[in-house]
Amino acid sequence: RRIEMTALRRDGQEFPIELAVTPLKLGQTWTFSAFIRDITESKQAEEERERLRQELAHFAHLNRVSTMGELTASLAHEINQPLAAIVTNAQVCLRWLMRDVPNLEEAREAAEYIARDGKRASDVIRRIRALVRNTGSEKAPLDINQAIEEVVHLTEDEALGKGVALRTELAGDLPFVLGDRVQLQQVLLNLIINGMEAMSSGADGVRELLVYSRLHESNQVLVGVQDSGVGIEPENLKKIFDPFYTTKSSGMGMGLAICRSIVENHCGKLWAAPNDGPGATFQFTLLTGGERCDA
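First, a word on what this report is: a plain description of the structure on this page. Not measured: the values here are computed from a predicted model.

## Re unusual backbone geometry
Of note, D173 is a non-glycine position whose phi angle comes to about 60 degrees, a positive value. Mapped onto the secondary structure, D173 falls in the loop between strand 5 (165–170) and strand 6 (177–179). On the basis of relative accessibility, which here comes to 84%, the residue D173 falls in the exposed class. The phi torsion at C267 lies on the positive side, around 60 degrees, for a residue other than glycine. Tracing the chain through its elements places C267 in the loop between helix 6 (255–265) and strand 9 (270–274).

Here it is as structure tokens:
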């Protein structure tokens, strides 16, 4: 049996120890063997790992909020559309009901539109709240294509404003992956925003961002974000994932580091490669739902 407890050094300072006690039988007599080990270093290492984990979670939350802040105008437009439709249909409904002979059928139809647009606005707000909340990992079977479509939908207006053609190529009948929807959508959101920025700062030309998914090997799903921007210098392909490394004047340099950490926590891999033509492609893999992930 192993027990953790504290002991005193000669100077009176407490330090953690591990006491291992093993019963031994010598003939007809029982005795005990005890082993005491100083675990100060292992405890300090454990505390340091926990501190780094908490710091990473804090940076991940800040990065998520910062990224959502960049989409403020787009998100406002996304919410205003169903709200404006609700107001319009409410006015139409009232007009039908205020006639000398109320047209109940038309009023009912307008009320149905109100309910539909109300749910649409609620769904937008729910997705935004999910993406900016600061919670632990909640892995569950996930339709990765649906998660991709939700993020793409949130960024469509931003892409339009930057003159970017945003399109998807999502493989059908993909197996579910085991993952945290919010964390994986944060990865996608970062990669899409980065791709748009890479194209907005580059030379004139076709600005196209492709988000795709496909089966990768027998037990993995691959997701890619391909842009036609300025590309990545070969010597920077590894450095871009280092914490605090950034080429942006106002960047924290944590976005891609957090993305890689999230993907690796899902037992996947995230990497970047230059395109044959302009731009770069970021890809990451995820285990399918039937595979075990011990991360």
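## Re the environment of V152
As for its position among the elements, V152 is in helix 4 (residues 144–161). Using a relative accessible area of 8% as the deciding quantity, one classes V152 as buried. Expressed as a C-alpha distance, the spacing of V152 and L189, which sit 37 residues apart in the sequence, is 8.1 Å. In this view, V152 contacts L166, T168, I192 and V211; residues no more than four positions away in its chain are not counted.

## Side note on the pairing of strand 9
Bridging between strand 9 and strand 10 (residues 280–287) involves 5 bridges; their strand directions are antiparallel. Looking at strand 10, one finds that A272 is bridged to F282.

## Quick notes on helix 5 (residues 181–200)
Each turn of an α-helix holds 3.6 residues, which means side chains three or four residues apart point in the same direction. Between its first and last C-alpha, helix 5 extends 28 Å over 20 residues, near the 28 Å set by a 1.5 Å rise per residue. For helix 5, a buried count of 17 out of 20 residues is recorded, marking the element as mostly surrounded by other parts of the structure. By the N-cap criterion, in which a side-chain oxygen at the helix start approaches the backbone nitrogen of a residue two or three places on, helix 5 is capped by D180, the distance to Q183 being 2.9 Å.

## Focus: the pattern of salt bridges
Within this structure, the stated rule accounts for 9 salt bridges. Of the charged contacts, one joins R9 and D38 as a salt bridge, the two residues approaching to 3.6 Å between their closest N and O atoms. Placement of the pair is R9 in the loop between strand 1 (2–8) and strand 2 (14–26) and D38 in strand 3 (residues 29–38), with a sequence separation of 29 residues. For R9, a relative accessible area of 33% puts it in the partly exposed group. Relative accessible area serves as the criterion here: at 40%, D38 is assigned to the partly exposed category. Between R108 and E112 there is a salt bridge, with its nearest N and O atoms 2.3 Å apart. Pair noted here: R108 and E112 are both in helix 3 (residues 104–132), with a separation of 4 residues, about one helical turn. Looking at R108, the relative accessible area reads 39%, which means it is partly exposed. For E112, a relative accessible area of 43% corresponds to the partly exposed category. Members of the salt-bridge network, linked through shared partners, are E105, R108 and E112.

## Observations concerning the sheet that holds strand 10
Spatially, the 5 strands line up as an open sheet ordered 5-7-8-10-9, and their pairing is mixed. Edge positions in the sheet fall to strand 5 and strand 9, since each has one partner strand and no second. Taking the axes of each pair of neighbouring strands and ignoring which way they run, one obtains an average angle of 15 degrees across the sheet. Pairing analysis gives 7 bridges linking strand 8 (residues 220–226) to strand 10, with the strands arranged antiparallel. Looking across to strand 10, one finds that Q220 is bridged to L287. Against the sheet, helix 5 makes contact with strand 5, strand 7 (208–216), strand 8, strand 9 and strand 10, and its axis sits at roughly 145 degrees relative to strand 7, the strand it touches most. Strands in contact with helix 6 are strand 9 and strand 10; relative to strand 9, the strand with the most contacts, it is inclined by about 125 degrees.

## Section: the nonpolar core
Membership of the largest hydrophobic core comes to 38 residues, with the highest contact counts inside it found for I144, L191, I192, F282 and F284. Elements with a contribution of two residues or more to this core: helix 4, helix 5, strand 7, strand 8, helix 6, strand 9 and strand 10. It is helix 5 that provides the largest number of residues to this core, a total of 9 residues. Those residues in contact with L191, other than ones at most four positions away along the chain, are V225, L256, L270, F282 and F284.

The rules we used
Residues numbered from 1 in each chain as written. Predicted model: local features only at pLDDT ≥ 70, side-chain atom pairs only at ≥ 80, totals over all residues. Heavy atoms only, no water. Helix = DSSP H or I, 4+ residues; strand = E, 2+ residues; numbered from the N terminus. Buried < 20%, exposed > 50% of the residue type's maximum accessible area, 1.4 Å probe, protein only. Contact = heavy atoms within 4.5 Å. Pairing = 2+ DSSP bridges. Expected span 1.5 Å × (residues − 1). Polar contact = N/O pair within 3.5 Å; in protein donor to acceptor, adjacent residues only side chain to side chain. Salt bridge = Lys/Arg side-chain N within 4 Å of Asp/Glu carboxyl O. Axes fitted to C-alpha atoms, helices over the stretch in contact; angles between N-to-C directions. Core = buried A, V, L, I, M, F, W, Y, C linked by side-chain atoms within 4.5 Å.

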